[in-house]
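Inside the fold
Listed here are the chains, written in short residue letters.
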Amino acid sequence: MGKKFTKFLSLGIMVASFTLLLNACSGKKQGTGNQNKKDSIALITDSNGINDQSFNQNAWAGFKDYGKEHNLKQGKGYQYFQSSSAADYTPNFNQAAKSGYQTIFGIGYMLKDSVKAAAKKNPKKNFVIVDDVVPGQKNVASVTFKSNESSYLGGVAAAYSTKTNKVGFIGGAKSAVIDTFEAGFKQGVKDAAKAQHKKITVSIQYIGNFTSTDKAKSIAQSMYADKCDVIFQAAGNAGNGVFQEAKALNQTKPESKKVWVIGADVDQTNLGNYKSKDGKKANFTLTSVLKGLNVVTKSLADDAADGKFPGGKHLVYSLKDNGVSIMKGNLTSKAWLAVEKAKQQVVSGKIKVAQK
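The paragraphs below set out a description of the structure included in this document. Keep in mind that what you see is a predicted model, and the values were worked out from it rather than measured.

Locating Glu 245 in the fold gives a position in helix α8 (residues 240–250). In contact with Glu 245, not counting residues within four places along its chain, are Lys 217, Ala 220, Gln 221 and Tyr 224.

Okay, structure coming up:
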């Protein structure tokens, strides 16, 4: 798994960075027809939908890459089922199984219970839960990421980029998964501040969900007003509100005075494009902390098609195998050097990154 994962990573990240143009609307109405093929795959989204410019979109990019390589068409070999709310999770799993899809992915920890139930109901189907673990079920593969490690590097990047010595973290819903982002980021800022003989404070707030872009925008507005000049958002679709606020603010400033956003899960550079008050085309995405979900979904789909689905196993992806990573983005040479040094120390085990 590790070699295959690393082989496809760089290409997969590029694919995930593009905005996906999709025609489908309701998940319950998709995937009609009987697949009954061992290489068919289905994706069940959370309520953010397939085009969230984050987690779900990242997974779907892997599906499209898999479909292209295996000469499969959407709806005739691979498909997504979009959930409008949590009430849609179980019906969507049932519909995907009934439609004949062989390997069904639940994207996000909130789908754990539905994955467990669907796997018990359909013992001859393969299921994948991402960002959580379903133990003791032989037809379920569990996938988690050491996002604390990549977020640590995000903290180092923020500490070497801030001019005000105040940075922020905005999380979606408080959960074990987002705890790892917060913990890694705080530790990275702390260690990098110490290395620079500085005192850098971290403001932390949660939105309460992954959908409220308006609330995220409001929180970001308060943080920037409080002199935070770098904000790391780990909030799914809601995180788009942080980018909206940064863009609105930066358009009123000279390019040299801009504030920054650190993206999460996928390359979010495109969300940082803007024109400054002095008329310069610029970008305020400092960097993006990446989760190689697109590569994982394709890799697991390939394994299932080859009859090697890792059912019953818990697969963990980290900095060491490029399962999580960080981009150079708009980091200065000094900041990037510090990030690369920190990465080597984490991979070697010299630095242990907290998970909460």
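The discussion continues.
Ordered by their spatial adjacency, six strands build an open sheet running β7-β6-β8-β9-β12-β14, and the pairing between neighbours is mixed. The sheet is open, and its two borders are formed by β7 (201–206) and β14 (324–326), each paired with just one other strand. Sheet twist, expressed as the mean angle between neighbouring strand axes with direction ignored, is 15°. Across three bridges, strand β12 (residues 285–291) lies against β14 in antiparallel orientation. Across the sheet, residue Leu 290 finds its bridge partner in β14, namely Ser 325.

It is worth spelling out the pattern of salt bridges at this point. For the structure shown, the criterion picks out ten salt bridges. Across the salt bridge formed by Glu 182 and Lys 186, the nearest N and O atoms sit 3.2 Å from each other. Taken together, the positions of Glu 182 and Lys 186, both in helix α6 (residues 176–195) and four residues apart, correspond to about one turn of that helix. Note on Glu 182: relative accessible area 10%, which makes it buried.

Strand β4 (residues 126–130) sits mainly inside the fold: five of its five residues count as buried. Pairing of strand β3 (residues 103–107) with β4 involves five bridges; the strand directions are parallel. Following the sheet pairing, Thr 103 is matched in β4 by Asn 126. Viewed along the sheet, the connection from β3 through helix α4 (residues 112–121) into β4 turns out right-handed. In terms of strand pairing, β4 meets strand β5 (residues 140–145) through four bridges, oriented parallel. Its bridge partner lying in β5, Ile 129 is registered against Ser 142.

Definitions and limits used
Residues numbered from 1 in each chain as written. Predicted model: local features only at pLDDT ≥ 70, side-chain atom pairs only at ≥ 80, totals over all residues. Heavy atoms only, no water. Helix = DSSP H or I, 4+ residues; strand = E, 2+ residues; numbered from the N terminus. Contact = heavy atoms within 4.5 Å. Pairing = 2+ DSSP bridges. Axes fitted to C-alpha atoms, helices over the stretch in contact; angles between N-to-C directions. Salt bridge = Lys/Arg side-chain N within 4 Å of Asp/Glu carboxyl O. Buried < 20%, exposed > 50% of the residue type's maximum accessible area, 1.4 Å probe, protein only. Right-handed = clockwise from strand over helix to strand, strands pointing away.

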